[in-house]
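Commentary on secondary and tertiary structure
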Amino acid sequence: MTATHDVPFWGMFIAGKSCASRSGKRLIVKNPKNGTIVGEVAEGDRQDIDDAVEAATNALAAWSARSGAERGDIMARAADILRSRLPELLTIEIDQIGRPRREMVAQLARLPEWFTYFGAVARTHEDTVPPFGNGFLNYTRRVPLGVVGHVTPWNHPLLILTKKVAPAMAAGNTMVVKPSELAPITPLLLGEVFKEAGLPDGVYNVVPGFGATAGLALTSHPDIRKVDLTGGTETGKAVAAIAGGNLTRIAAELGGKASVIVFPDVEVDKSVAAAMFASFIATGQTCVQGARLLVHRSVHDQVVAELVRRTANIRIGDPQDPKTQLGPLVSEKQRGIVERYVNIGLQEGATLAFGGGRPEGSDLDQGYYYKPTIFTNVTNEMRIAQEEIFGPVVCVIPFDTEEEAVALANGTQFGLATSVWTRDLARAHRVAHALQCGIVWINDHHRIDPASPWGGFKMSGIGRENGLIAYEEYTQIQNVILNLSEELFDWYAEDGVEKRYS
Ligand code: TXE
């Protein structure tokens, strides 16, 4: 990091070095709580992406030739170094995106687990010996894909990046990252962590820039073997179409409209705590946000009354203050989207039970704050119940039967996650099996683990993060078939013997 005019500056990270972009352009990173400048980073474009892909290509042969154990050792060291640098990363992460410290502490403290888990996967991975018949030794090898591209968003800059980098690195790939233009600093700092851990230069490269320039250059690059993107569904479709032109694999974690289904056997306090946790964490800016609260009609009014009462007590404020419970939205643009949807909800006839505006207070006027907002009298056909708002807005919808709850939860184009709240075990599993989504929590929400597959059905995405499947999706299979026989096999011999192929 260097500084000009008191503004810290971070270069791109290519081949283990920090450097300016070819154009010399810079991106300004602003703090959503008051619009002040957090710092500047080099703004990359096509040529910089080409440079980064070249660095990753040059590093590939040596990195992929390392044993899983060696890769695992480096990743274990990276986990330790990352842990020691968390306080610094935490402060910058909060300044970039405005998420409250109490949330970011909880989230970032878990990041090292991804490197220890996937490092251990690299170390312990076993290939298979599929049956092939007598006289043959037949085995498979999982080999890396090559150079892969990671396009990441601003809502969980380090967590989402880590979910992609750890399996890719463990499997022996090299990578180029295009982080969000709103939150590029911590992804750059991760490069320093890897370098200190002994990761060879060129394995991890970062080119900050905009989606339409650097993002497009990366995802359309013919030498990229896989694009792993988290972002909006429209972005995912556009990127998949372009990647398809090069037969580049794609993994995409896209939008969602998760439901929180509350059955009447759950105490009201518990349901309300569940709904608040699901809906308002990250100021609602998460792909698995509990955007729809489906409540059994018999407890609907009680749940709504308590939800409104408790939501009114949420402390909105400076994200760096450990007591703050709700920070600003990430940008003016994001707040504009939320405000537009709240107006749409009102026009559609939904009832604003709480929120629906900017909070007052001189400190809050400076930032992109928005009150936690509760809509009631919502029907599932309304746009506010169907489209991803990505803000602190929850739509409450009553239901009468289990079948109706499932139909409501499944009744969107998305299929990322749902939480089911009940003490009835058979019902919980029955509902889980009927849900069309990649993640189902029972009596919980938002929980994640590096070992547990994460990703969506339908328009919520393709491919999986986390777990052995994420490692496998960063490899391709090579099948090696060895004929153990020394006998001459002469298909064209005119010996009158009927030939057998197997
Ligand atoms: O995301 P974008 P934005 C949703 C959420 C939000 C909406 C827009 O609903 O309101 O998307 O947010 C890069 N080629 N999610 O505009 O544009 C971009 O630079 C290549 C859900 O911030 O999808 C960034 O690095 N790259 C979500 C990344 O894609 C492109 C997280 C995501 O940006 C590109 C974020 C292109 N043509 C937003 N266009 C989730 N699933 O959690 C953009 N990018």
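Quick look at the structure, then. (Residues numbered from 1 in each chain as written. Predicted model: local features only at pLDDT ≥ 70, side-chain atom pairs only at ≥ 80, totals over all residues. Heavy atoms only, no water.)

Bringing the overall build of the chain into the picture now. In terms of regular secondary structure, the chain is built from 16 helices and 23 strands. In summary, the chain has a C-alpha radius of gyration of 25 Å against a globular reference of 23 Å for 502 residues, a match within 12%. On the principal axes, the C-alpha backbone points of the chain span a range of 90 × 60 × 40 Å. When each of the 502 residues of the chain is scored for burial, the buried share is 55%. Contacts in the chain between residues far apart in sequence, at least 24 positions, make up 73% of those at least 6 positions apart. About 21,000 Å² of surface is accessible on the chain, with carbon and sulfur atoms providing 53% of the total. Put simply, the chain has 49 plus and 58 minus side-chain charges, and the middle of one group is 3 Å from the middle of the other. (Helix = DSSP H or I, 4+ residues; strand = E, 2+ residues; numbered from the N terminus. Rg over C-alpha atoms; globule rule 2.2 N^0.38 Å. Buried < 20%, exposed > 50% of the residue type's maximum accessible area, 1.4 Å probe, protein only. Contact = heavy atoms within 4.5 Å. Areas by Shrake-Rupley, 256 points an atom, 1.4 Å probe, with all protein chains shown as cover. Lys, Arg positive; Asp, Glu negative; His and termini not counted. Charge placed at Lys NZ, Arg CZ, Asp CG, Glu CD.)

For the rest of this paragraph, the subject is the side chain of Thr-311. Positionally, Thr-311 belongs in helix α10 (residues 297–311). In this structure the side chain of Thr-311 is engaged in a polar contact, spanning 2.6 Å, whose partner is the backbone oxygen of Leu-307. Here Thr-311 is in contact with Met-276, Phe-280, Phe-354, Pro-372 and Ile-374, once residues within four sequence places are set aside. (Polar contact = N/O pair within 3.5 Å; in protein donor to acceptor, adjacent residues only side chain to side chain.)

Tallied over the entire structure, the rule returns zero disulfides. Not part of a disulfide, Cys-395 finds its nearest cysteine sulfur in Cys-287, a span of 17 Å. (Disulfide = S-S within 2.5 Å.)

Near the ligand you find 26 residues, and of these Trp-154, Lys-178, Glu-181, Thr-235 and Glu-388 are the closest. One nitrogen or oxygen atom from the side chain of Glu-181 is found 2.7 Å from an oxygen atom belonging to the ligand. Protein chains shield 85% of the accessible area of the ligand, which is 810 Å² for the free molecule. With respect to the detected pockets, the ligand is housed in the largest pocket. (Near = heavy atom within 4 Å. 1 Å grid on protein atoms, 1.4 Å probe; cavity = no way out; pocket = protein on both sides within 12 Å on 5 of 7 lines; lining within 4 Å. Sits in = over half its atoms within 2 Å of the grid points.)

This paragraph deals with the sheet that holds strand β14 (residues 290–296). The seven strands lie next to each other as β15-β16-β17-β14-β13-β19-β20, forming an open sheet whose pairing is mixed. Two strands bound the open sheet, and with one partner strand each, they are β15 (351–354) and β20 (439–442). Between one strand axis and the next, the sheet turns through 25° on average, direction left out of account. Relative to strand β16 (residues 373–376), β15 runs antiparallel, the two being bridged by three bridges. The residue bridging Leu-352 from the neighbouring strand is Phe-375, located in β16. Contacts between α10 and the sheet are confined to β14, β15, β16 and β17 (393–399), with β14 contributing the most and set at about 135° to the helix. With respect to the sheet, helix α11 (residues 332–347) is in contact with β15, β16 and β17, its orientation differing from that of β16 by roughly 20°. (Pairing = 2+ DSSP bridges. Axes fitted to C-alpha atoms, helices over the stretch in contact; angles between N-to-C directions.)

Take the packing of helix α2 (residues 68–97) against helix α3 (residues 101–108) next. Packed helix pairs are characterised by how far apart their axes lie and by the angle those axes make with each other. Where α2 meets α3, the axes come as close as 10 Å, and the angle between the chain directions of the two elements is 130°. The pairing of α2 with α3 is recorded here as oblique in orientation. As for the relative orientation of α2 and α3, their crossing is right-handed in sense. Residue-level contacts link Leu-86, Leu-89, Leu-90, Thr-91, Glu-93, Ile-94 and Ile-97 of α2 to Arg-101, Met-104, Val-105 and Leu-108 of α3. Each residue belonging to the contact of α2 with α3 can be placed in one class, and the counts come to eight nonpolar, one polar and two charged. (Parallel < 35°, antiparallel > 145°, perpendicular 65-115°, else oblique. Left-handed = near helix turned anticlockwise from the far one by under 90°. Nonpolar A, V, L, I, M, F, W, Y, C, P; charged D, E, K, R; others polar.)

Turning to the layout of surface pockets, a few remarks are in order. Looking at the largest pocket, its volume works out to about 1,100 Å³. Along its surface, the largest pocket is lined by 39 residues, and Trp-154, Gly-231, Gly-232, Thr-235 and Lys-333 are the ones closest to its centre. Listing elements by their share of the lining of the largest pocket, those giving two or more residues are α7 (211–219), β11 (224–230), α8 (233–245) and α11. Per-element tally for the lining of the largest pocket: the top contributor is α8, with six residues. (Points joined across faces, edges and corners; volume = space filled by probe spheres on them.)

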